[in-house]
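Breakdown of the fold
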Amino acid sequence: METKTTAKFTTTDEFKKMDIKAMLELLKASEKGLSETDVEARVKEYGFNEVEEKKKSSLVAFFSWFWGPIPWFLEAAVLICIIIGDWLDGIMLAALLLSNVIIGFYNEHGSQKSLEILKQKLTIKTKVMRDGKWVTKESRELFPGDLILIGLGDVVPADAKIISGDISADQAAITGESMPVNLKKSDVALTGSTIKRGEAKCIIVNTGRHTAIGKTVELVNIAKPESKQEAIMFNVAKNLIYVGTVAFAIILLYALFIGTPLITILIFAVLFIAGGIPVALPVMFTISQARGATNLSKHGVLVTKLDSIENAASVEILCLDKTGTITINELEISEHIPMPGIEKNELISLAAIASGAEGKDQIDATVLAYAKKNKTDMSAYKQISYTPFEPSTKKAEASVEFEGKQFIAVKGATQTLLALCTSMNKKEKDKITAKVEELSKKGNRVLAVGKSQGTGNFTLAGLLALNNPLRSDTKATIVALKEAGIKPMMLTGDNIAVAREMARQAGIGDNIVRISEIKKLPESEQGKAVEKCDGIAEILPEDKYGVVKHLQSTGKTIGMTGDGVNDAPALKQAELGIAVSNATDVAKAAAGMVLTESGIDVILEGIRTSRRTYQRMLTWTLKKITLSIQFMLILAVGFFWFQDIIIVIPGLMLLLIMTDFMSMSLAVDNSKSTKNPNNWNVKNLTIAAGILGILFFLIELALLIWGANYLKLSFEQIRTLVLLSLVFTAQFAIIIIRERGRFWNSWPAKVVSISMAIAIIIFIPLSIYGIIITPISAALVFATLIICTITVLAIDFPKVWIFKKTGIA
């Protein structure tokens, strides 16, 4: 059952502001919890405590792959073959169409994956009061008004207001706040938080999609970037369709004028569709990306969405979540400041002796680790008793014996300890407060340490500054990202002072602004304003999602890194979502890439690998457009010359196998990563390939004139000559098109060279011995091979100029 929606649903933020009495009245609940009768009514009113799903039928998803420009034309070609009775060719084209559909459907990543993981987050068990008795229920069976008991190690099952007790809750995965949050009576514990200390009785105020996680679910559900890959394939196909339509229209008019039979015209239509449209483009993209994903897995990057490979090559702005990405999600003591007369060893010893080694307190663990790291000698100190940190007192303390004397060692909030230091005057306390504010502006949380002096008086031993330090690889990664033409942008929920200090330390930049400043601007100006920022502070989960949307509105390709539930919507919305190694399952499900090793330097390897993959896909696309233009032109000229079809459908099938599918080996070709982001400019790509196609057509035209006028070949032999030269030029086209500079600057991978050789070796005996096609002399076959080799390689000289002018890189 889905969570119900009322006309006015009270938000968790509104419940935070209410007192307990008002909250109970609104929920029609009591401090004794609900009865089973109440529960039955609340099932109808609120629904179960679960995530609302929007499932898409697998059958619908499968058949949707038959819808689109490339499938339409292939389907039309199959239909024409059936109409003219050419069942064999129709079956072959149908098999090609089906293979594209299966590969596409198999690699499609369902949008519900993140939601399923989020549902699993709620399948925890909790102690709940029902009919006056404590029972254990699955979180799905909890409702607003339920009284629950949460303690150390528990995961909060729903947004709940504390009615008694104090707890410390880790909300990092929800809010991005790295420090545990101390919650007391009347505060609200958020869904998905983990209790680190204490115990509390709470009344559930919101469940399902109305919780903190539920809001994130809604964002994950609607987050969907435009598919650049789909747009690329559509535009490539569209441009070729325009060319093919014009050429076919001219032929059609001429055919009708000379009275060409309808069946011949229909065969022409099949040839233009299958030979001119890049039917294997989706398969090539998939194979290239799968190969890139395999390579990345060896470098600590798991690709969960194949199109992330292509998107990574185009990323222009990389949004970096501060906590857990730029910084490590662990506390570290960055600085110790002893008071006059206090030695470093004494300060650290007092802090360590006022810590509990047995508990799970994060600050205690950090202090003890710091003492161990500094090899602090604590042999003279003996802890007699220990009182853990309490949110109500804001301090932890221990009774200590030292050199035969006893005293109390204490650590906690600075203002709490200053209040205990009755012998300090106001000027001394103001000086300490100013130092604390200075440290806080640098992103530190300050811990004061003191010890008792007589009865009721304490002396301050010093201060410890705690923070989330930068990852060891952060600075180098930021520098390398900038060198790769990518702008790093920090997103954080921290205040502006902390954000600026972190950005300064990481080398990100100085232009850090509050999200509130962006929101004040008109909607039309927000995208450009965000683009100019180096970082944004004080943001909420939905703000991160909005930032990505704003950047995308400027036409930029966006990458986003993150680790928590709060990052999931932005990770999914970005063209490239990257979940770091310690990310939550929700973040990993929403992302397109998941880092399996700590650190973010592997992101660079991911980008480099993606750019190499892009170059391979670009090479195949350039080659295909070039050969399509060449094919359509020679088909048209042949008809005007001979009033007949110069390439038959079986010949076309051979050509597709030898040129399109054999060249799939380009997916593993040697390629170089570029210095800047790669963006598909389909217009310029079509212009460049179109010019090359015309040059390749001139080779075909010259051979056609030579064969018809000088060698006096029969029409059937001319068909073989044209087909043979198309295969030869296609193989040598790979050599010049794969290299953006001179072809001799780099050589194809061994597998590419082998596939080229196989295509040539197969077609030579087919042409000589007349297998499937009409035979021609061996001398003519090898002469054609030599002519094609020399002329195609000669085109390399104008190719470099063409690529430079059209910006192909």
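Residue indices follow the written sequence of each chain, beginning from 1 at its first position. Reporting in this predicted model follows two pLDDT cut-offs: at least 70 for local features of residues, and 80 or more for side-chain atom pairs to be given and counted; totals over whole chains, interfaces and linings ignore these cut-offs and use all residues. As a rule here, side-chain values cover all heavy atoms of the structure and leave hydrogens and water aside.

Things to note about the sheet that holds strand S15 (residues 458-467)
Within the open sheet, the six strands sit side by side as S10-S15-S14-S13-S12-S11. Their pairing is antiparallel. What marks the edges here is a single partner per strand, and that holds for strand S10 (332-338) and strand S11 (381-390). Taken over all neighbouring pairs, the strand axes of this sheet differ in orientation by 20° on average, direction set aside. By definition, two strands form a pair when at least two bridges between them are found by DSSP. Secondary structure elements follow DSSP: runs of H or I of four or more residues count as helices, runs of E of two or more count as strands, with numbering from the N terminus. Of the pairings in the sheet, the one linking S11 to strand S12 (residues 395-402) comprises seven bridges and is antiparallel in character. The residue of S12 that forms the bridge with threonine 387 is glutamate 397. The axes are straight lines fitted to the C-alpha atoms, using for helices just the contacting stretch, and the angles between their N-to-C directions are given from 0 to 180°.

Quick word on the nonpolar core
By convention a nonpolar core is built from buried Ala, Val, Leu, Ile, Met, Phe, Trp, Tyr and Cys residues, the set being connected through side-chain atoms within 4.5 Å. Residue exposure (1.4 Å probe, protein chains only): buried if accessible area is under 20% of the type maximum, exposed if over 50%, otherwise partly exposed. Ranked by internal contacts, the top residues of the largest apolar core, which has 108 residues, are Leu93, Phe631, Ile647 and Phe763. A total of 15 residues in this core trace back to one element, the largest contributor, which is helix H29 (residues 715-737). Contacts of isoleucine 647, omitting those with residues within four sequence positions, involve Leu271, Phe631, Ile634, Leu635, Leu652, Val722, Leu723 and Leu726. Listed in part, the 63 residues of the second largest apolar core include Ala503, Val547, Ala570 and Val602. Residue contacts follow a heavy-atom distance rule, with two residues in contact if any of their heavy atoms lie within 4.5 Å.

Some remarks on the sheet that holds strand S9 (residues 317-321)
Overall, mixed pairing links the eight strands, which are arranged S8-S21-S20-S19-S9-S16-S18-S17 in an open sheet. Of all the strands in the sheet, just strand S8 (301-303) and strand S17 (512-514) have a single pairing partner and so form its edges. On average, each strand axis in the sheet is inclined to that of its neighbour by 20°, with strand direction left out of account. Bridging between strand S16 (residues 487-491) and strand S18 (residues 535-537) involves two bridges; their strand directions are parallel. By the bridge assignment for S18, methionine 490 is matched with glycine 535. Contacts from helix H22 (residues 523-532) reach S9, S16 and S18, with the element oriented near 105° to S16.

Focus: the side chain of glutamine 573
By secondary structure assignment, the location of glutamine 573 is in helix H24 (residues 568-573). With a relative accessible area of 2%, glutamine 573 lands in the buried category. Polar contacts, as used here, are pairs of N or O atoms within 3.5 Å; protein pairs need one atom able to donate a hydrogen and one able to accept it. Residues neighboring in sequence count only if both atoms are side-chain atoms. Within polar-contact distance, the side chain of glutamine 573 engages the side chain of glutamine 552 at 2.8 Å.

Topic: the confidence of the model for the protein
Keep in mind that low pLDDT regions are not for reading the predicted coordinates in detail. On average, residues of the protein score 83 in pLDDT, and 89% of them are at 70 or above. pLDDT expresses, on a scale from 0 to 100, how confident the predictor is about each individual residue. Per-element averaging of pLDDT across the protein places helix H7 (residues 113-121) at the bottom with 45 and helix H31 (residues 778-794) at the top with 95. Here residues 1-7 is a poorly scored stretch, pLDDT under 50, and it has 24 contacts once near neighbours within four places are set aside; other chains count. Between residues 109-119, whose pLDDT stays under 50, and residues either more than four places distant or in other chains, the model counts 29 contacts.

As for the packing of aromatic side chains
Aromatic pairing here means that ring centres of Phe, Tyr or Trp (its six-membered ring) are within 6.5 Å. Orientation follows from the plane angle: under 30 degrees is stacked, over 60 is edge-to-face, and everything else is tilted. Counted by the stated rule, this structure contains 10 aromatic pairs. Taking the centre distance of 5.3 Å and the plane angle of 0° together, the rings of tryptophan 641 and phenylalanine 642 count as stacked. Judged by its relative accessible area of 31%, tryptophan 641 falls in the partly exposed class. Aromatic side chains phenylalanine 743 and tryptophan 744 sit 5.2 Å apart centroid to centroid with 75° between the ring planes, which places their arrangement in the edge-to-face category. Classification of phenylalanine 743 as buried rests on a relative accessible area of 13%. With relative accessibility at 44%, the residue tryptophan 744 sits in the partly exposed group.

Description of the pattern of salt bridges
Salt bridge criterion: a side-chain nitrogen from Lys or Arg within 4 Å of a carboxyl oxygen from Asp or Glu. Using the criterion set out here, one finds 22 salt bridges in the structure. Between lysine 544 and aspartate 321 there is a salt bridge, with its nearest N and O atoms 2.6 Å apart. Highlighted residues: lysine 544 in helix H23 (residues 541-553) and aspartate 321 in strand S9, separated in sequence by 223 residues. Of the residues examined, lysine 544 reaches a relative accessible area of 3% and is grouped as buried. A relative accessible area of 4% places aspartate 321 in the buried class. Through salt bridges with shared partners, a single ionic network connects Glu36, Arg130 and Asp146.

With respect to a nonpolar patch on the surface
Within this analysis, patches are made of residues with over 30% relative accessible area and no salt bridge. Like charges are joined at 9 Å or less; nonpolar side chains (Val, Leu, Ile, Met, Phe, Trp, Tyr) at 5 Å or less. Working definition of accessibility: Shrake-Rupley area with a 1.4 Å probe, residue cover restricted to the visible protein chains. A grouping of Trp641, Ile705, Tyr710 and Leu711 is seen on the molecular surface, where their side chains present a nonpolar patch of about 390 Å² in accessible area. Along the chain, the position of leucine 711 falls in the loop between helix H28 (682-710) and H29.

A short note on empty space enclosed by the protein
We place a 1 Å grid over just the protein atoms. Points where a 1.4 Å probe fits but has no way out form a cavity, open points with protein on both sides within 12 Å along at least 5 of 7 lines form a pocket, and any residue with an atom within 4 Å of a point lines it. Grid points are joined across faces, edges and corners, and a volume is the space filled by probe spheres set on the points. One pass over the structure, following the stated rule, counts two cavities of 30 Å³ or more. Volume-wise, the largest cavity comes out at about 110 Å³. Put simply, the parts of the chain that give the lining of the largest cavity at least two residues each are helix H26 (602-642), helix H27 (649-661) and H29. Tallied by class, residues from the lining of the largest cavity come to seven nonpolar, four polar and two charged. Forming the boundary of the second largest cavity are Val301, Ala312, Leu576, Ile578, Met593, Leu595, Val602, Ile603, Gly606 and Ile607. Mapped by element, the contributors of at least two residues to the lining of the second largest cavity are strand S20 (576-579), strand S21 (593-595) and H26. Residue type decides the class: Asp, Glu, Lys and Arg count as charged, Ala, Val, Leu, Ile, Met, Phe, Trp, Tyr, Cys and Pro as nonpolar, and the leftover types, Gly among them, as polar.

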